[in-house]
4 protein chains.
Amino acid sequence: MPLKPDLPLPESESRRVGFAIVGLGQLSAEELIPAARTSRHAAIAALVTDDEEKGRAYARALDLTDGDVYPYERFEDLKGREDVEAVYIVLPNSLHREYVERAARMGKHVLCEKPLSVNAGEAQAMVDACKAANVLLMTAYRCQYTPYHWAAREAVQGGRLGRVKLLDSIHGQSEDDPEAWRMKQRLAGGGPLPDVGIYSLNTVRFVLGTEPEWVFATLHQPKDDPRFREVEESVSFVLGFPEGVVANCLTSYGVHKTATLRVLGEEGTVLMDPAFTYQGLSLTISDGQGDFQPGLPDEDQFGLEFDHFAQRVRDGRVPWTPGEEGVQDHRIMDAIYESARTGQVVRLQPAPGRDVFRGEKPEAASQ
Amino acid sequence: MPLKPDLPLPESESRRVGFAIVGLGQLSAEELIPAARTSRHAAIAALVTDDEEKGRAYARALDLTDGDVYPYERFEDLKGREDVEAVYIVLPNSLHREYVERAARMGKHVLCEKPLSVNAGEAQAMVDACKAANVLLMTAYRCQYTPYHWAAREAVQGGRLGRVKLLDSIHGQSEDDPEAWRMKQRLAGGGPLPDVGIYSLNTVRFVLGTEPEWVFATLHQPKDDPRFREVEESVSFVLGFPEGVVANCLTSYGVHKTATLRVLGEEGTVLMDPAFTYQGLSLTISDGQGDFQPGLPDEDQFGLEFDHFAQRVRDGRVPWTPGEEGVQDHRIMDAIYESARTGQVVRLQPAPGRDVFRGEKPEAASQ
Amino acid sequence: MPLKPDLPLPESESRRVGFAIVGLGQLSAEELIPAARTSRHAAIAALVTDDEEKGRAYARALDLTDGDVYPYERFEDLKGREDVEAVYIVLPNSLHREYVERAARMGKHVLCEKPLSVNAGEAQAMVDACKAANVLLMTAYRCQYTPYHWAAREAVQGGRLGRVKLLDSIHGQSEDDPEAWRMKQRLAGGGPLPDVGIYSLNTVRFVLGTEPEWVFATLHQPKDDPRFREVEESVSFVLGFPEGVVANCLTSYGVHKTATLRVLGEEGTVLMDPAFTYQGLSLTISDGQGDFQPGLPDEDQFGLEFDHFAQRVRDGRVPWTPGEEGVQDHRIMDAIYESARTGQVVRLQPAPGRDVFRGEKPEAASQ
Amino acid sequence: MPLKPDLPLPESESRRVGFAIVGLGQLSAEELIPAARTSRHAAIAALVTDDEEKGRAYARALDLTDGDVYPYERFEDLKGREDVEAVYIVLPNSLHREYVERAARMGKHVLCEKPLSVNAGEAQAMVDACKAANVLLMTAYRCQYTPYHWAAREAVQGGRLGRVKLLDSIHGQSEDDPEAWRMKQRLAGGGPLPDVGIYSLNTVRFVLGTEPEWVFATLHQPKDDPRFREVEESVSFVLGFPEGVVANCLTSYGVHKTATLRVLGEEGTVLMDPAFTYQGLSLTISDGQGDFQPGLPDEDQFGLEFDHFAQRVRDGRVPWTPGEEGVQDHRIMDAIYESARTGQVVRLQPAPGRDVFRGEKPEAASQ
């Protein structure tokens, strides 16, 4: 995880944007905290957790003090911490709204883990709250900050594939623990769809730049498996985009880890296999000449995400994946669940134009 | 294209099953004739074509005489040719029925190119005609005779992937010629679906061994493209199998060549990329240990197909992919077109059991 | 193994160049005969073998008569066969000279399996004999007729890699039968070096177009292994080319099948892995942009070889890999064995210029 | 770069082994400092550099104070720093000896970048000095701490390949700056050989566990290239191991980045392509069954190295790659240069046994 060769010096702690990490689960421990420690523009200034022991251990590891660890009920104590300009919400989905709104009321900018919420209505309320409080809200869609996924988008939108006709994406993994909050409808708002299927949904929209007009979906929730008492095991969904472009997608909590994206154009194809992973992304562009794997840096995706939001906090511009981007995915997921329930195609609100829910392009866009 | 190392001697011409090739298009010229020339149990004894010059050129290349070339109207002259035990129908789809029935009336066994016909009703009539005439009818599904596709099936059915949950397949290519018979609804019975999409449909059914219960499909037929005046450009179809197993499939005549099959199980996955191609097939089986590409022979698929049917002609047993297998694919394709037309899920006749439409396993099954 | 799409009609038997295949071992049975049957310009007209039964079986398979099978002692009976214009010598290496010279005396053109002979002196005598008899002699270096190896050469010589600095090649396999003629010094003239290592040697020279100035080599011949009583198990050899270019090569009869070629230039690399195989060749060109696998046809290499020589028989030009090309490889292999025996670097005769031992470029050169 | 899932808590700063980083070049900036910040057992406690501004910037980034930055002439001030138990020497090769000896005199344990020194004599003196001072000395051979390279070793030594016969390795890259210290003989002690070729040398020895008996080498130093006024551009070297095992190696500063290792055994092969890289390592084990890529974690290699040495500082045991391991590579490199100079094979001191220069196995050994 090299620092940028041409920018070998990270900013000093005092100039970086200070974040409070809200929630100390596996993602925080294994990804966000290591990423923040090596980012250029962001630094962790506080931790919010009710696990005091764990919080203090991480505080020591981060060279913070015990006083930098806050229980949830004292979240509002961060208000006075001028060195905490932003919070990163890493809580079960159903708690996102509450903490985003509490952060907004304190005037803190908010980076919120995906999915933004549990449905489109809740998600929209969060966007409205941040707008009212005049703070930035960013949905943590890390893939949209990587050179690999941007190179895929560039191949698609730059004409190298000819007109794009079809897409296909799979994101599935095996979840073993029936007691995990991810398996509880009330906490997660769904099963694999909002957790991992959202990557397929989101990245298909990202590479096309347009919005789907309709969805068809079917889901499977095995009755004999205790893991899937509340949420679905698998979803197959089909997205209809303008001009007859169709994307087939699969997601599941019951399969061996798989993460792919394929775009089929008249004159070429893009394949990411794996797509979406934290590291080891692979991109192949094929056309009449042969197959090409561009040489791209495999950068820390959470670091890129932290840095993009820190820069937006500094310049006040809308991040590339603002709250609105998260709301749109919820609208579509709501429609996917409706289609699976009714067995009917569900039509979506038209959203003509390009990148209509997105903000400032990230650095990876120009690589 | 080696002869089998352990069977270095091909049978002499006189002991091989003699075929008449009916139709001398590109597939016959580039694949079937070379394959037959190197097969062990089959030999080409006659050619049926109205292109007399081309017929005579191929006859000379095959060491046949001008007298071994027949125009279509003299097809029945083959009746008296005892050395012609079988015919291989390689004509536009809409002509399959007529020539299968004419061959059956002559008492010749019939190997018929896929798709078997233009719809399930026509296809069933062909099966009935061959049964009445007591001749064998085989649908030329070459993939089901290859070690690669059988190894995929074995990984799926042998338990290596755990319970199978989801499948995904793409088969598309670019068709440029608006005047090709493939682009005429009356001759082809459809567009990419019966021509290349049928591989996805057929192979998904083959690796599972079970039959779908419902389909959902959407198709795209661009109004501004002269190639697609009569037939669709692309189809997305979803197949629902027993126990919640779902297969997403894409097919198109408007995309860069793509041919893949992926099976997702609880504990592992199978990926063929490419699948379905004449050569260069690639199979990866992934599980918790890593990724594995078994070492398999890349044999001539048309040769395997010829040899399987020749052996069935000799032993009188039902071939692995009889006419009934072709009828079943037509039933499902009929439903796919109906779903695309109505926008509704279409339910299929139940067909419980395993391999219910198939016959004698081919040699590749035991490798 | 498709016939050329743009040349769908093979020449009729009567216009093709008729070959007598001299020797009916595994290579003839599994590769040459199938290849000849599908070639455009060559046809098999006679077989020479002392195994009468096998000869007759292949004759029947080829639609030849028993009279087209000749025992070795009646080799000269071919002289009167006007339809036999060329012979293909597929005998143990030590017999190449005798049969090439007997063929030359009959005025037949000669395609001779690699290695051309058992050492440079014998090989040169063969070249001289063919020259004296005014017949063509071609060394059967099939790799030099494939689009893949030509694309590698084009990447090397066309400047895409910048200046070439280093090469590395491995060709090894496992030989199990101590009684095979390949394991007898008197019959084979060496072990893996003249049999499989020659591909590395030959292809390194082919892609560079220049000749080595010196060699260093070491070999291993295990005392406790009955397979290697007479010939070496493995050879490591280093070839020094002009301007400091060096090629490291490995060959062995004691290793799992491996066949690779790598060329390292200032700005890019070429990797063939596998190189040299009958099918499934793979080529990757890497440079600062990424990795590229050109889309190339995987044609039957023996068919390409047959066709090149048949065309030279027709036009009288020097084939791309004439006898002189085979002599040069023997000179270098002689030096490799000398270096291994003495432990010293052995210097070679200078051979300045490009492709100094080669003739007319094959069709693959212009693809 | 996840923290270990089963050990989510890093040790607190106070319990980790404190290192002074001596030298703030690119390797320190881009690899070592990020790695140390996320390691479990090591922490950076001081920086030694004459670039005061850069030192202070990194100190701030690391939450150290200006007082934790030392110029080289005040290196001995670290003696009194009880929180600095070890130093990591990241200086030009020719300075290694001086700083290792100065550190040893202070009683600090020493982790020294590869190559350990500029020749075997200098390297042995460093080992002797650390032994006399009773401090640990470890050569920073990061590859020997990775799961990938250990899995390759396990495949080789565990019998999966059958008896190993041959090895082949390439490590080369393009160096553009004629003024870099790497291009100065006095500072670097050589060109690509001690810098990148050492990985091939070292890893070949590591996977075999035995020591070479002789070497042959040739080098190229183009006269017309200002980059190579002092050091060689390329080296080809052949290593002879016991029982006839031979390794061919190539290294260069004049080629497109290439890093591979191949081991050929009777029944299988190991391929690492790339080998040696900081991330994205790839391992394929091939045998009669097919090709297998084990699923292995792509961990931060410098973090693994830091942690191994920190644990040895805690338990006092000899690290896996002690100074003696670095000395042995210098003995062989000295012989390589001698062979290239004389054109003769150079014999090495016998070193029978297994892993005779190595210490305690790292954690990756048991994965």
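Remember, it's a predicted structure, so these values are computed and weren't measured experimentally.

Scanning chain A from terminus to terminus reveals 9 helices and 15 strands. Its C-alpha radius of gyration of 20 Å places chain A within 12% of the 21 Å reference for a compact globule of 367 residues. Its C-alpha atoms give chain A principal-axis dimensions of about 55 × 50 × 40 Å. Buried residues in chain A amount to 66% of all 367 residues. Across chain A, the fraction of contacts at a sequence separation of at least 24, relative to all contacts at a separation of at least 6, is 72%. With an accessible surface of roughly 12,800 Å², chain A has 46% of that area assigned to carbon and sulfur atoms. A gap of 3 Å separates the mean positions of the 40 positive and 57 negative side-chain charges of chain A.

Moving on: the packing of aromatic side chains. Residue and element names in this part refer to chain D. For the structure shown, the criterion picks out 42 aromatic pairs over all chains. Taken together, a centroid distance of 5.0 Å and an interplanar angle of 85° make the contact between phenylalanine 19 and phenylalanine 306 edge-to-face. Placement of the pair is phenylalanine 19 in strand S1 (residues 17–22) and phenylalanine 306 in helix H8 (residues 301–315), with a sequence separation of 287 residues. Both residues of the pair, phenylalanine 19 and phenylalanine 306, belong to the buried class.

Next up on the list: the UniProt feature "domain: Gfo/Idh/MocA-like oxidoreductase N-terminal" (unreviewed entry) in chain A. The UniProt entry lists residues 18–140 of chain A under the feature "domain: Gfo/Idh/MocA-like oxidoreductase N-terminal" (unreviewed entry), expressed in the numbering used here. Each end of residues 18–140 of chain A is marked by a C-alpha atom, and these two atoms are 17 Å apart; helix forms 38% of the span and strand 22%.

So, on to the packing of helix H1 (residues 26–38) of chain A against helix H1 (residues 26–38) of chain D. Direction vectors running N to C along H1 of chain A and H1 of chain D enclose 140°, while the axes themselves pass 9 Å from each other. Between H1 of chain A and H1 of chain D, the interaxial angle falls into the category oblique. Read as a crossing pair, H1 of chain A and H1 of chain D show a hand that is right-handed. Contacts from Pro34, Arg37 and Thr38 of chain A in H1 of chain A reach Pro34, Arg37 and Thr38 of chain D in H1 of chain D. Looking at the contact of H1 of chain A with H1 of chain D residue by residue, the classes come out as 2 nonpolar, 2 polar and 2 charged.

Moving on, we come to the relation of the copies chain A and chain B. It takes a turn of 180° to lay chain A on chain B, together with a shift of 0.0 Å along the axis; the resulting RMSD is 0.0 Å. Both copies are brought into coincidence by an operation consistent with a two-fold rotation axis.

Our focus in this paragraph is the interface of chain A and chain B. If you look at the interface, chain A gives 46 residues, while chain B gives 46 residues. When the two sides are added together, the surface that chain A and chain B hide from each other amounts to roughly 3,200 Å², 59% of it contributed by carbon and sulfur. By the criterion of area lost to chain B, the three top residues of chain A are Leu250, His256 and Arg262 of chain A, representing 18% of everything that side buries. Between chain A and chain B we count 4 salt bridges in total. When the shortest N-O distance is used, the salt bridge between lysine 165 of chain A and glutamate 233 of chain B registers 3.2 Å. Along the contact surface separating chain A from chain B lie 15 residue pairs in polar contact (both at pLDDT 80 or more). Going through the elements one at a time, strand S7 (164–174), strand S8 (214–220), strand S9 (234–240), strand S10 (246–252), strand S11 (254–265), strand S12 (268–272) and strand S13 (283–287) of chain A are the ones with two or more residues in the side of chain A that touches chain B. By residue number, the principal contributor to the side of chain A that touches chain B is S11 of chain A, which donates 8 residues. Here the side of chain A that touches chain B is composed, by residue class, of 14 nonpolar, 20 polar and 12 charged.

Scoring rules and cut-offs
Residues numbered from 1 in each chain as written. Chains lettered and ligands numbered in written order. Predicted model: local features only at pLDDT ≥ 70, side-chain atom pairs only at ≥ 80, totals over all residues. Heavy atoms only, no water. Helix = DSSP H or I, 4+ residues; strand = E, 2+ residues; numbered from the N terminus. Rg over C-alpha atoms; globule rule 2.2 N^0.38 Å. Buried < 20%, exposed > 50% of the residue type's maximum accessible area, 1.4 Å probe, protein only. Contact = heavy atoms within 4.5 Å. Areas by Shrake-Rupley, 256 points an atom, 1.4 Å probe, with all protein chains shown as cover. Lys, Arg positive; Asp, Glu negative; His and termini not counted. Charge placed at Lys NZ, Arg CZ, Asp CG, Glu CD. Phe/Tyr/Trp six-rings, centres within 6.5 Å; stacked < 30°, edge-to-face > 60°. UniProt positions renumbered as here; feature names shortened; annotations may be inferred. Axes fitted to C-alpha atoms, helices over the stretch in contact; angles between N-to-C directions. Parallel < 35°, antiparallel > 145°, perpendicular 65-115°, else oblique. Left-handed = near helix turned anticlockwise from the far one by under 90°. Nonpolar A, V, L, I, M, F, W, Y, C, P; charged D, E, K, R; others polar. Least-squares fit on C-alpha atoms with pLDDT ≥ 70 in both. Buried area = accessible area lost by both parts, 1.4 Å probe. Salt bridge = Lys/Arg side-chain N within 4 Å of Asp/Glu carboxyl O. Polar contact = N/O pair within 3.5 Å; in protein donor to acceptor, adjacent residues only side chain to side chain.

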